[in-house]
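Geometric and topological summary
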Amino acid sequence: GAVVSQHPSWVICKSGTSVKIECRSLDFQATTMFWYRQFPKQSLMLMATSNEGSKATYEQGVEKDKFLINHASLTLSTLTVTSAHPEDSSFYICSAIGMTSQETQYFGPGTRLLVL
Amino acid sequence: QKEVEQNSGPLSVPEGAIASLNCTYSDRGSQSFFWYRQYSGKSPELIMSIYSNGDKEDGRFTAQLNKASQYVSLLIRDSQPSDSATYLCAVNNGSGGSNYKLTFGKGTLLTVNP
């Protein structure tokens, strides 16, 4: 149980385009989903927290107009990187918390983004 | 600034030995502590969670928590080459309710030599 999927697993795009990443909880309803970013040899940095049906809460320094988060249902959250630039190239990972274990975050497999 | 500190390593142990990974945290009010394993190029996977002072054992893994010293550790007994990975310590700094935010350390790279 507690499986989280992400799609796509990797994406290459041109600078200036937008990229959408999906995060799904497959066998549980996720009350909260989190989006992280990880640069090479660095730890995970929380970008934002999203709850179903409400606006995401962004961490300090994360541009909410650039990283659009939509949490439309209890099993799906999306992150859209708008007008991507090479410095946005990173490993984006989502995690989810379920109703039965509200402290444990289960991570998706991650999406590797390369902006040319 | 709530911080989680780990020795970046690399920590190298021979196969069959005990690997000891350490973590300290700055927020004395933290209540929940987690150890994640991250293989290169992959996302983290949960190994252990611990909430109370003392030891918690799960198979070859033992987590130890000392809230007075703001210290949490992970012991891996009978280390295997497949245990070679980066181990991330994570602390819940959330204020309760649905706000379960984790702060991660930078991770300790463990190498188990055959």
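Please refer to the structure placed before this passage.
The structure reproduced in this document is the subject of the present report.

Calculation criteria
Residues numbered from 1 in each chain as written. Chains lettered and ligands numbered in written order. Predicted model: local features only at pLDDT ≥ 70, side-chain atom pairs only at ≥ 80, totals over all residues. Heavy atoms only, no water. Helix = DSSP H or I, 4+ residues; strand = E, 2+ residues; numbered from the N terminus. Buried < 20%, exposed > 50% of the residue type's maximum accessible area, 1.4 Å probe, protein only. Contact = heavy atoms within 4.5 Å. Areas by Shrake-Rupley, 256 points an atom, 1.4 Å probe, with all protein chains shown as cover. Lys, Arg positive; Asp, Glu negative; His and termini not counted. Charge placed at Lys NZ, Arg CZ, Asp CG, Glu CD. Salt bridge = Lys/Arg side-chain N within 4 Å of Asp/Glu carboxyl O. Buried area = accessible area lost by both parts, 1.4 Å probe. Polar contact = N/O pair within 3.5 Å; in protein donor to acceptor, adjacent residues only side chain to side chain. Phe/Tyr/Trp six-rings, centres within 6.5 Å; stacked < 30°, edge-to-face > 60°. Lys NZ or Arg CZ within 6 Å of the ring centre and 35° of its normal. Core = buried A, V, L, I, M, F, W, Y, C linked by side-chain atoms within 4.5 Å.

What follows concerns the overall build of chain B. Across its full length, chain B carries 0 helices and 11 strands. Structurally, chain B occupies a C-alpha span of about 45 × 30 × 20 Å along its principal axes. Per-residue burial over chain B gives 42% buried out of 114 residues. For chain B, the proportion of contacts with a sequence separation of at least 24, taken over those separated by at least 6, is 54%. Surface summary for chain B: the accessible area is close to 5400 Å², and the carbon and sulfur share equals 46%. Taking the 10 positively charged and 10 negatively charged side chains of chain B as two groups, their mean positions are separated by 7 Å.

Let us look at the pattern of salt bridges. Residues and elements named next belong to chain A. With the rule as written, the count across this model stands at 6 salt bridges over all chains. With its nearest N and O atoms 2.9 Å apart, the salt bridge here joins Lys66 to Asp88. Note that Lys66 is positioned in the loop between β6 (57-58) and β7 (67-73) and Asp88 in the loop between β8 (76-81) and β9 (90-98), a separation of 22 residues in sequence. On the accessibility criterion, Lys66 (12% relative accessible area) is buried. Judged by relative accessible area, Asp88 falls into the buried class, the value being 5%.

Another point: the interface of chain B and chain A. Contacts between chain B and chain A engage 20 residues on the former and 22 residues on the latter. For the pair chain B and chain A, the two sides together bury roughly 1600 Å², of which 52% comes from carbon and sulfur. Connecting chain B to chain A are 1 salt bridge. Here Lys101 of chain B makes a salt bridge to Glu59 of chain A, at a shortest N to O gap of 3.0 Å. For the pair chain B and chain A, the interface holds 6 residue pairs in polar contact (both at pLDDT 80 or more). At 4 residues, the largest contribution of residues to the side of chain B that touches chain A is made by strand β4 (residues 32-38) of chain B.

This model, assessed by the stated rule, comprises 10 aromatic pairs over all chains. Where Phe34 of chain B meets Tyr51 of chain B, the ring centres are 6.2 Å apart and the plane angle is 90°; that geometry is what we call edge-to-face. With Phe34 of chain B in strand β4 and Tyr51 of chain B in the loop between β5 (45-50) and β6 (54-58), the pair connects residues that are 17 residues apart, well separated along the chain. Overall, Tyr51 of chain B belongs to the partly exposed group, its relative accessible area being 32%. Summarising the aromatic geometry, the rings of Tyr36 of chain B and Phe104 of chain B are spaced 5.7 Å apart at their centres and angled 50° between planes, so their arrangement reads as tilted. Highlighted residues: Tyr36 of chain B in strand β4 and Phe104 of chain B in strand β10 (residues 102-104), separated in sequence by 68 residues. One aromatic cluster in this structure is built from Tyr36 and Phe107 of chain A together with Phe34, Tyr36, Tyr51 and Phe104 of chain B. Positioned over the ring face of Phe91 of chain A is Arg112 of chain A, at 4.1 Å from the centre of the ring.

Take the nonpolar core next. Side chains that are nonpolar tend, in soluble globular proteins, to be buried together. All names here are of chain A. Within the largest apolar cluster, 24 residues are counted, with the highest numbers of intra-cluster contacts made by Trp35, Phe67, Leu79, Tyr92 and Leu113. Secondary structure elements with two or more residues in this core: β2 (10-13), β3 (19-25), β4 (30-38), β5 (45-51), β7, β8, β9 and β11 (111-115). With sequence-adjacent residues up to four places away left out, Phe67 is seen in contact with Arg37, Met47, Tyr58, Val62, Leu79, Thr80, Val81, Asp88 and Tyr92.

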